[in-house]
Each structure stands twice: as C-alpha cells, then as structure tokens.
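# Overview (structure and organization)
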Amino acid sequence: MAGGAQDNEEEITGINVTPLVDVVLVLLIIFMVTANFIVRETVEVDLPRAANGGETVQGLVNVVLDKEGKFYFDGTQVTEVELTQKVAEAVAKDKDTRAIISADQSIAYGQVMRLIDTVKGQGIAKFALNIEKDVAPAPRG
C-alpha cells in the first residue's frame, strides 16, 4: 500500500537520553566556569539605630581619634592608657557595651586599627565605624 503504515516497522520502546546527558554536562561546565568563587571577607559592625527606629542602645560609648592623633572618650580628651582604662570600666559595668569609633580621614590606617584593637581588646565585641555619608558632587561649569 502506498502511503499506509508498513507492517514491518518497529514500535519505539525507549528514549535515547545520551544527547540530553551531553547537553546537561556542557551546561554544568559552563555554569561552573562562569560562577563567582571569590569569598570576600567583611568586618561585621553593629550600627546603632535611629531615634525613631525602635530599640534604644544601652551601654554605648563614643571613641574618637582626631586629626592630631588625640583620643576622646565620650567627649573627654584622654591618653591612650586612660582610654584603655575607661573602655575596661565601661565593659565592667555592662558586658554588652557597644562602641562607636570615629577617626579623622587623614589619620593613618595603622592608627585606626590600633584604636580598634584597643577597644576590642578590652572586651567590646560590637562596634560601629562612624562615617560621613557622601553628598552628590555639585555639577561643574
């Protein structure tokens, strides 16, 4: 019979999955190559909440390093040794004491890290680094 079904055709009993596996493996290799495997280290800091943000932060101390390298603890000028003592006293009163660390941008990075080490060394695990938010620059011309 012309155009009719032939009697000797075999019925398809299975699906060949080899091309599917090949495509999946190629896609897997592409995704693995293009994935970003870089792990970035971050410093976790605990930022204080705004006045209308809900909870109030208790046991908060302000530590400042000005452009002349002078230390201030809650607005009072202190030496580095006195700063260590005052931070230790604050932690003795409240073990959950937190600190806000401010430093002038002209201060060397090493001095700021030494200040952070001083604060953390006395038992303050949670601190915030105070920064000034950038304002959009004025257009030139």
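Residues numbered from 1 in each chain as written. Predicted model: local features only at pLDDT ≥ 70, side-chain atom pairs only at ≥ 80, totals over all residues. Heavy atoms only, no water.

An unreviewed UniProt entry lists the protein chain under the name Biopolymer transporter ExbD, with Myxococcus landrumensis as the source organism. The UniProt entry for the protein chain carries this comment under Sequence similarities (unreviewed entry): "Belongs to the ExbD/TolR family." (UniProt positions renumbered as here; feature names shortened; annotations may be inferred.)

Helices and strands together make up the secondary structure of the protein chain, namely three helices and five strands. Order of helices (α) and strands (β) in the protein chain, N terminus to C terminus: α-β-β-β-α-β-α-β. At a minimum sequence separation of 6, the contacts of the protein chain that also span at least 24 residues come to 66%. Summing over all exposed atoms, the protein chain offers an accessible surface of approximately 11,900 Å²; the carbon and sulfur share of this is 55%. (Helix = DSSP H or I, 4+ residues; strand = E, 2+ residues; numbered from the N terminus. Contact = heavy atoms within 4.5 Å. Areas by Shrake-Rupley, 256 points an atom, 1.4 Å probe, with all protein chains shown as cover.)

What follows covers the side chain of threonine 118. With respect to the helices, strands and loops of the structure, threonine 118 is situated in helix 3 (residues 109–121). Leaving out residues up to four positions away in the same chain, threonine 118 has contacts with Glu80 and Thr84.

Attention now moves to the sheet that holds strand 3 (residues 76–78). Reading across the sheet, the five strands line up as 3-2-1-4-5 and stay open at both edges, with mixed pairing between neighbours. The sheet is open, and its two edges are formed by strand 3 and strand 5 (127–129), each paired on a single side. Each adjacent strand pair in this sheet contributes to an overall mean axis angle of 25°, direction not counted. Summarising the sheet, strand 1 (residues 60–65) and strand 4 (residues 98–103) pair through six bridges and their orientation is parallel. Residue leucine 65 lies in a different strand from strand 4, and its bridge partner there is alanine 103. (Pairing = 2+ DSSP bridges. Axes fitted to C-alpha atoms, helices over the stretch in contact; angles between N-to-C directions.)

Between two packed helices, the angle of one axis relative to the other and the distance separating the axes together describe the packing. Contact pair helix 2 (residues 80–93) / helix 3: the axes reach a minimum separation of 9 Å and the direction vectors enclose 35°. Contacts between helix 2 and helix 3 involve Glu80, Leu83, Thr84 and Val87 on the former and, on the latter, Arg114, Leu115, Thr118 and Val119. Among the residues forming the contact of helix 2 with helix 3, the class breakdown is four nonpolar, two polar and two charged. (Nonpolar A, V, L, I, M, F, W, Y, C, P; charged D, E, K, R; others polar.)

Bringing the confidence of the model for the protein chain into the picture now. A residue-level look at the protein chain finds 70% of positions with pLDDT of 70 or above and a mean pLDDT of 76. When mean pLDDT is compared element by element in the protein chain, helix 2 scores highest at 90, while strand 5 scores lowest at 83. (pLDDT = per-residue confidence, 0-100.)

Relative to the helices and strands, isoleucine 124 is located in the loop between helix 3 and strand 5. For the pair formed by isoleucine 124 and alanine 90, sequence separation is 34 residues and the distance between their alpha carbons is 9.2 Å. Ignoring sequence-local partners within four residues, the contact set of isoleucine 124 consists of Val61, Val87, Val91, Thr97, Arg98, Ala99 and Val119.

Turning to the environment of phenylalanine 73, a few remarks are in order. In this fold, phenylalanine 73 is placed in strand 2 (residues 71–73). By relative accessible area, which is 9% here, phenylalanine 73 ends up buried. A sequence separation of 14 residues divides phenylalanine 73 from valine 87, and the C-alpha atoms of the two residues are 8.3 Å apart. If sequence neighbours within four positions are ignored, phenylalanine 73 has contacts with Val61, Asn62, Val63, Val78, Leu83, Lys86, Val87 and Ala90. (Buried < 20%, exposed > 50% of the residue type's maximum accessible area, 1.4 Å probe, protein only.)

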